[in-house]
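# Architecture at a glance
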Amino acid sequence: MAGANLPTYHGGMPADFKPHLLRAPRVVMLLGASWLGLASQDALAATPIKLNAEVGPGFTITLKKGNNRVVTLKAGSYVITVRDRASDHNFRLRGPGLNRATAVSRVETRTWTVSLRPGTYTYLCDPHASHMKASFQVKR
Ligand SMILES: [Cu+2]
């Protein structure tokens, strides 16, 4: 017979064979984590950030986020509660695209919705601008 003298192949698995299908569950976990990341970013974008401005009754002027004075902010929309507590001071905020102020002679509380752009913003009291004045940076 012609086939009788053909070499016989003794097949089998190589010694280092690994079943690669066991890696599939890790791929599913990574996809789940990135979906959750997108969901939390949407929630942040929908929440306006609140700031508190205050001038008087003494010779003080502040702009705070929570308990901290504002030094840097990210560009975007903010809601500022402005408390002008004296009839001889005012609160002015000016910078790129913005110049807004309370009245010097009035004691008043105002709510300003402002759009802050990258750059330097300054808040001050007009009659006492030499010493009632501070600045902060807005970054992209
Ligand atoms: Cu003043």
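Scanning the chain for helices and strands turns up 1 helix and 10 strands. Ordered by position in the sequence, the α and β elements of the chain form the string α-β-β-β-β-β-β-β-β-β-β. With 140 residues in all, the chain has 14% of them scored as buried. Put simply, 59% of the contacts in the chain that link residues at least 6 apart link residues at least 24 apart.

The next subject is the pairing of strand E9 (residues 119–124). When strand E6 (residues 92–95) meets E9, the two strands line up antiparallel, connected through 3 bridges. Paired with Arg94 across the two strands is Thr122, which belongs to E9. Where E9 and strand E10 (residues 133–139) come together, 6 bridges link them in antiparallel fashion. Bridging from a neighbouring strand, Tyr123 pairs with Ala134 of E10.

Take the pairing of E10 next. In this sheet, E10 lies alongside strand E4 (residues 72–74) in parallel orientation, the contact comprising 3 bridges. Bridge pairing in E10 places Leu73 opposite Val138.

Moving on, we come to the confidence of the model for the chain. When the pLDDT values of the chain are averaged, the result is 82; 67% of them are 70 or greater. Residue range residues 24–39 is modelled with pLDDT below 50. Its contacts to residues more than four positions away, or to other chains, number 0 contacts.

This paragraph deals with the sheet that holds strand E3 (residues 68–69). Through backbone hydrogen bonds, the strands of a sheet pair up, either in parallel or in antiparallel fashion. Pairing is mixed in the open sheet, where 5 strands are placed in the order E3-E2-E1-E5-E8. Edge positions in the open sheet fall to E3 and strand E8 (108–116), since each of these has one partner strand only. Here strand E2 (residues 61–65) runs beside E3; their pairing, made up of 2 bridges, is antiparallel. Within the sheet, the bridge partner assigned to Lys65 lies in E3 and is Asn68.

Okay, the sheet that holds E4 next. Spatial ordering of the open sheet is given by E4-E10-E9-E6-E7, a layout of 5 strands whose pairing is mixed. A strand with exactly one partner marks an edge of an open sheet, and here the two such strands are E4 and strand E7 (98–101). Mean inter-strand twist for the sheet, computed between neighbouring axes without regard to direction, equals 20°. Sheet topology note: the E6/E7 ladder contains 4 bridges and is antiparallel. Paired with Leu93 across the two strands is Arg100, which belongs to E7.

Ala53, Ile61, Phe91, Tyr123, Leu124 and Cys125 are the most contacted members of the largest nonpolar core, which has 15 residues in total. Elements represented by at least two residues in this core include exactly strand E1 (49–55), E2, strand E5 (76–84) and E9. It is E9 that provides the largest number of residues to this core, a total of 3 residues. When near neighbours in sequence (up to four residues on either side) are disregarded, Tyr123 contacts Ala53, Ile61, Leu63, Phe91, Arg92, Leu93 and Ala134.

Here the amide bond leading from Gly56 into Pro57 is cis, since omega sits at 5°, within 30 degrees of zero. With respect to the secondary-structure elements, Pro57 resides in the loop between E1 and E2.

What counts as what
Residues numbered from 1 in each chain as written. Predicted model: local features only at pLDDT ≥ 70, side-chain atom pairs only at ≥ 80, totals over all residues. Helix = DSSP H or I, 4+ residues; strand = E, 2+ residues; numbered from the N terminus. Buried ≥ 20, exposed ≤ 12 C-beta atoms within 10 Å, placed from the backbone. Contact = placed C-beta atoms within 7 Å. Pairing = 2+ DSSP bridges. pLDDT = per-residue confidence, 0-100. Axes fitted to C-alpha atoms, helices over the stretch in contact; angles between N-to-C directions. Core = buried A, V, L, I, M, F, W, Y, C linked by C-beta atoms within 7 Å.

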